[in-house]
Structure formats: structure tokens, C-alpha cells
Amino acid sequence: MTSSIAIAGAGFAGAVLARELAGSGRFSVTVFEERDHVAGNCHTSRDPETGVMVHHYGPHIFNTDREDVWGYVNGFSEFAPYVNRVKAHTARGVFSLPVNLLTINQFFGERFSPREAAEFVATLGDASIDEAQSFEEQALKFLGRDLYENFFYGYTKKQWGVEPSRLPASILKRLPVRFNYDDNYYNTRYQGIPVDGYTAIVEKILDVPGIEVRLRERFESGMNSQFDHVFFSGPMDGYFDYQFGRLQYRSLVFERFDEVGDFQGNAVINYCEEQVPWTRIAEHKHFTPWETHERTVCFREYSRLTSEGDVPYYPLRLTDDKDLLARYIELAEAEDRVSFIGRLGTYRYLDMHVVIGESLDLAAGCLSTPMEEWPTFSMSPF
Ligand code: UDP
């Protein structure tokens, strides 16, 4: 006899877990998805007017260090090699990002070698900061005020809606600083774009016996009793009807515009100036450089605090959020036969590859332990 599992949410977290559990033959899995498509915020589809593959919830470039995760996604789609090369639009001109030797030489009008550049940037850093406690301190310590103000201050304030001095240093640590000419946005070993988009991958992941996908159907907490176990990938506070108040997220708003030809010559240009209201412009046809399209589809991206009805993207995780989070964690731990998974379920800032890796690990753990011992969280929210 199979045990019945409900999974709320058909993003990567839910889909990968559903596949692994159903694949064992020991579980029948029902996936509830309130939207009319799978793949969560990774959803892509071909724009009917232009033929361009559009990333509806913002650009997603797959990259990972984990060989098993890379192997897993390649089992569902061909990935075209792709290197994310971002440009920064600043008050002093357009530069290469992440900050690298070209950025430093052009920004300061120099011809530094890698060693000279490293020595020069070290003189700009604020040596009085011992252990950086905030985003701002991290930037000032390693880059100095000029680079911080031109590349990071305005962008970060727009993206997060608060002074960078209130944000954790960990956010900046996502971005490398390089003293060579490597302008790859990521340090990861594997990088690519699926040729048919992400939604096609998630559809394939879910397309096996033992999985039923119910689109446009929201999982309600009253449904728990119909299942032996529930995996919830929606917002943790939403599961508890926001009874202590809402965990804060930043939401994104996309303003589409179409042009003929090439609008900006690159997939992503960040606008680092505080006065420019958008954070970046993404021109989606450049994510598939192997395709040819006469027209082009671009999105200006704006960030704002999530209010009711908005799609939550980035967990804010300021001090108040962490206090609230602790109260929700307590409620979650008291729940029986429910696990919280993924970016929203654990209130963490996660990339796709991390979510997939965690779901693979969680599934392996679940398949080797009795259901009563399944964990409350795919990974600790703290
Ligand atoms: N950031 C910035 N200027 C930029 C790009 C990034 O200040 O041009 C900061 C910003 O605070 C952002 C963080 O660095 O949240 C991490 O950047 P990343 O590109 O990883 O953010 P993502 O768009 O993936 O969330």
C-alpha cells in the first residue's frame, strides 16, 4: 500500500521532491499549485508575438557547483552553455560587473596588473572595520567608498528598500570581486540555460506515474487530514494564516516594453544610480544567443515591499523578521506530519540550484527514515 503525500507548490522544491518520492513506488503524491502553471517563479514561456523565451518572474540563469544537481537537470533538458555577464550603468559610465580588473582599470583610469589592482583596492578599504557587521561595512572594508557608492549603495537601497547599513553582510558576499578580467557573474562550475525553458523541465519532472498535479488549486491547511504527510513550499507565515503578522519580502514589478532589433546589447544591465527608479533592465532574447528574433522583449524591474496579493521574492530577514520567524518556527515544529520546504517555506534567499539540491537531499533522507521522523524543515530557516 502506498502512503499519500500532499505537496503544496509546483516550483522546483515541490516538483523534485514529488518526483523522488513517487519514483520509489511507495508514495502517491498530489501536487497543489494555485497558479495556472508549474515551475513557480522560474516559469518561462515563448512569447507568442516575438517568439522570445520570456522569464516571467525575472531572469533565471542556472548555475551550480553540485555535479549531482547539474546531472539531474540535464536529465530533463538540453542546457546551452551560457555565461552571465552583467553590465553596471553608473553615474560615471557603464562598467563590467562583478567588479573585476576591467572595472577597476576603467573606473579609476588605470592600467593595473592583477597584483597592482589588489594592492590599490586594499588602500581604498576601511581598515578600521574589523569584522563587517552589515552590507555597508562589508563593502567599505573591502572596496572603499568610491566603488561602494557608485556600484552598490543606490542599487541595494532600491532593491531592498532600506539603508545598506541595516542589511546583512552575507548579501554582498554573493558577489565576487576579482583582480583578473573574468567577468562571469558566477563562480560556479556549471552554468547554462535550458533550451526549452524551465517550465518544460518542471513539467517533465512531474510527468511520472504516482504524481497528480492540480493546477489552479490552492492547498488549504484544512486538507492535511486527507494525507499521511504534507510538504508545504508556500510562505511559512501564510500556512499559519499570518496570525503573528507577515514576514517581510521584497516583491518585484516588471514593466515590459518591446523594440525592434537590439535594445541594450546585453541580457542584463543593472542601474546602480539611486535616482533611476528601476534596478535593472533585462532583454530576454540575449538569454538565448543561439536563437534569432527580429523583435526584442525587455523588462524594467522595480523592487518594492510585498503587500497583500503581491508575489513574494526576496525574504528581507531584518531583525524584526527574525523575531517573527522564531515564533513561526515554534508553531511549525509543533505541527504534526508537515514539512516546510524551499525558499518560501523556510524564509531564505535561495537560488534554484540550492533548492533542487535540498529537495534531492530531503528526498533521500525521507526514503531512508520512517515517516514519523521526517524533518519539519528541508533546511533550518536560521
Ligand atoms: N548589488 C548591487 N549592485 C549591483 C548588483 C548587486 O549593489 O549592481 C547588491 C544588491 O544588494 C544585491 C546583492 O548585491 O541584492 C546580490 O546581488 P545578486 O546579483 O546576487 O542578487 P540577485 O539579483 O541574484 O538577487
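On a predicted model such as this, the values are computed, not experimentally measured, just so you know. (Residues numbered from 1 in each chain as written. Predicted model: local features only at pLDDT ≥ 70, side-chain atom pairs only at ≥ 80, totals over all residues. Heavy atoms only, no water.)

Q: So what's going on with the environment of Gly58? Residues and values would help.
A: Position of Gly58 among the secondary structure elements: in the loop between strand E4 (53–55) and strand E5 (62–64). With a relative accessible area of 3%, Gly58 lands in the buried category. In this structure, the C-alpha to C-alpha distance between Gly58 and Pro370, residues 312 residues apart in sequence, is 39 Å. (Helix = DSSP H or I, 4+ residues; strand = E, 2+ residues; numbered from the N terminus. Buried < 20%, exposed > 50% of the residue type's maximum accessible area, 1.4 Å probe, protein only.)

Q: Lay out the site of the ligand with the relevant residues and their values.
A: Around the ligand lies a shell of 17 residues, among which Thr156, Arg174, Tyr185, Asn270 and Tyr349 are the nearest. In the model, an oxygen atom of the ligand is placed 2.9 Å from a nitrogen or oxygen of the Trp160 side chain. Between the ligand and the protein, one listed contact pairs an oxygen atom with a side-chain N or O atom of Tyr349 at 2.3 Å. The element that contributes the greatest number of residues to the shell around the ligand is helix H6 (residues 145–160), accounting for six residues. The class makeup of the residues in the shell around the ligand is twelve nonpolar, three polar and two charged. (Near = heavy atom within 4 Å. Polar contact = N/O pair within 3.5 Å; in protein donor to acceptor, adjacent residues only side chain to side chain. Nonpolar A, V, L, I, M, F, W, Y, C, P; charged D, E, K, R; others polar.)

Q: Which residues make up the nonpolar core, and what are the values?
A: Soluble globular proteins tend to pack their nonpolar side chains together in the buried interior. Of all hydrophobic cores here, the largest spans 66 residues; its most connected members are Phe151, Phe152, Phe219, Met236 and Phe340. At seven residues, H6 tops the list of elements feeding residues into this core. Once you skip the residues sitting within four places of it in the chain, Phe340 turns out to touch Phe232, Met236, Tyr239, Phe240, Ala332, Gly345, Thr346, Thr376, Phe377 and Ser378. (Core = buried A, V, L, I, M, F, W, Y, C linked by side-chain atoms within 4.5 Å. Contact = heavy atoms within 4.5 Å.)

Q: Before we move on, could you go through the side chain of Arg178 and cite the residues and values that matter?
A: Topologically, Arg178 is positioned in the loop between helix H7 (170–173) and strand E9 (190–194). For Arg178, a relative accessible area of 8% corresponds to the buried category. Setting aside its immediate chain neighbours within four residues, Arg178 contacts Pro98, Val99, Asn100, Leu101, Ile104, Asp183, Asn184, Tyr185, Tyr186 and Asn187.

Q: Report on the pairing of strand E1 (residues 3–8), specifying residues and quantitative values.
A: On any regular strand, side chains alternate: one points to one face of the sheet, the next to the other face. Among the six residues that make up E1, six are buried, leaving the element largely enclosed by the rest of the structure. Residues of E1 alternate between two faces, with Ser3, Ile5 and Ile7 on one and Ser4, Ala6 and Ala8 on the opposite face, all of them buried. Of the strand pairs in this sheet, E1 and strand E2 (residues 27–33) are connected by six bridges, and their pairing is parallel. Pairing of Ser4 across the sheet is with Ser28, part of E2. For the segment spanning E1, helix H1 (residues 12–23) and E2, crossover handedness is right-handed. With four bridges connecting them, E1 and strand E11 (residues 229–232) associate as parallel partners. Counterpart to Ala8 in the pairing with E11 is Phe232. (Pairing = 2+ DSSP bridges. Right-handed = clockwise from strand over helix to strand, strands pointing away.)

Q: Break down the packing of aromatic side chains for me, with residues and values.
A: Under the definition given, this model contains 36 aromatic pairs. A centroid spacing of 6.0 Å and a plane angle of 75° characterise the contact between Tyr148 and Tyr153, whose relative ring orientation is edge-to-face. There is no split in this pair, since Tyr148 and Tyr153 are both buried. With 5.6 Å between their ring centres and 65° between their planes, Trp160 and Tyr349 make a pair best called edge-to-face. Of the two residues, Trp160 sits in helix H6 while Tyr349 sits in the loop between helix H11 (342–345) and helix H12 (352–367), which places them 189 residues apart along the sequence. What makes Trp160 buried here is its relative accessible area of 3%. (Phe/Tyr/Trp six-rings, centres within 6.5 Å; stacked < 30°, edge-to-face > 60°.)

Q: How would you summarise the sheet that holds strand E14 (residues 280–283) if you had to cite specific residues and measurements?
A: Backbone hydrogen bonds hold the strands of a sheet together, and the pairing may be parallel or antiparallel. In space, the seven strands of this open sheet follow the order E8-E7-E13-E14-E15-E12-E16, with mixed pairing throughout. The strands lining the two open edges of the sheet, one partner per strand, are strand E8 (93–97) and strand E16 (314–315). Judged from the five bridges that link them, strand E7 (residues 86–90) and E8 form a sheet pairing that is antiparallel. The partner of Ala88 across the bridge, within E8, is Phe95. Of the strands in this sheet, E7, E8, strand E12 (249–260), strand E13 (268–271), E14, strand E15 (295–305) and E16 are in contact with H6, which crosses E12 at around 110°. (Axes fitted to C-alpha atoms, helices over the stretch in contact; angles between N-to-C directions.)

Q: So what about the pattern of salt bridges? Which residues, and what values?
A: By the definition in use, this model includes 21 salt bridges. Residue Glu291 is joined to Arg46 by a salt bridge in which the shortest nitrogen-to-oxygen separation is 2.8 Å. Linking Glu291 in the loop between E14 and E15 with Arg46 in strand E3 (residues 44–46), this pair joins segments that are 245 residues apart in sequence. Salt bridges sharing partners connect three or more residues here, namely Glu34, Arg218 and Glu220. (Salt bridge = Lys/Arg side-chain N within 4 Å of Asp/Glu carboxyl O.)

Q: Explain the packing of helix H3 (residues 101–108) against helix H4 (residues 114–124) residue by residue, including any values.
A: With their axes 11 Å apart at the nearest point, H3 and H4 run at an angle of 65° to one another. Note that H3 runs across H4; the crossing there is left-handed. Between H3 and H4, the residues in contact are Leu101, Ile104 and Phe108 and Pro114, Ala117, Phe120, Val121 and Leu124, respectively. Within the contact of H3 with H4, the residues separate by chemical class into eight nonpolar, no polar and no charged. (Left-handed = near helix turned anticlockwise from the far one by under 90°.)

Q: Quick one: what's the story with the sheet that holds strand E10 (residues 211–215), residue by residue and with numbers?
A: Judged by pairing direction, the sheet is parallel, and its five strands sit side by side in the order E10-E2-E1-E11-E17 without closing on themselves. Of all the strands in the sheet, just E10 and strand E17 (338–340) have a single pairing partner and so form its edges. Across the sheet, the axes of successive neighbouring strands diverge by a mean angle of 15°, strand direction being ignored. Pairing of E2 with E10 involves five bridges; the strand directions are parallel. Looking at the pairing, Val29 lines up with Ile211 of E10.

Q: How would you sum up the environment of Gly154? Please name residues and give values.
A: Structurally, the position occupied by Gly154 is in helix H6. C-alpha of Gly154 to C-alpha of Pro164: the two residues are ten residues apart in sequence and 9.1 Å apart in space. Setting aside its immediate chain neighbours within four residues, Gly154 contacts Glu149, Cys272 and Glu274.

None of this, on its own, says anything about what the molecule does.
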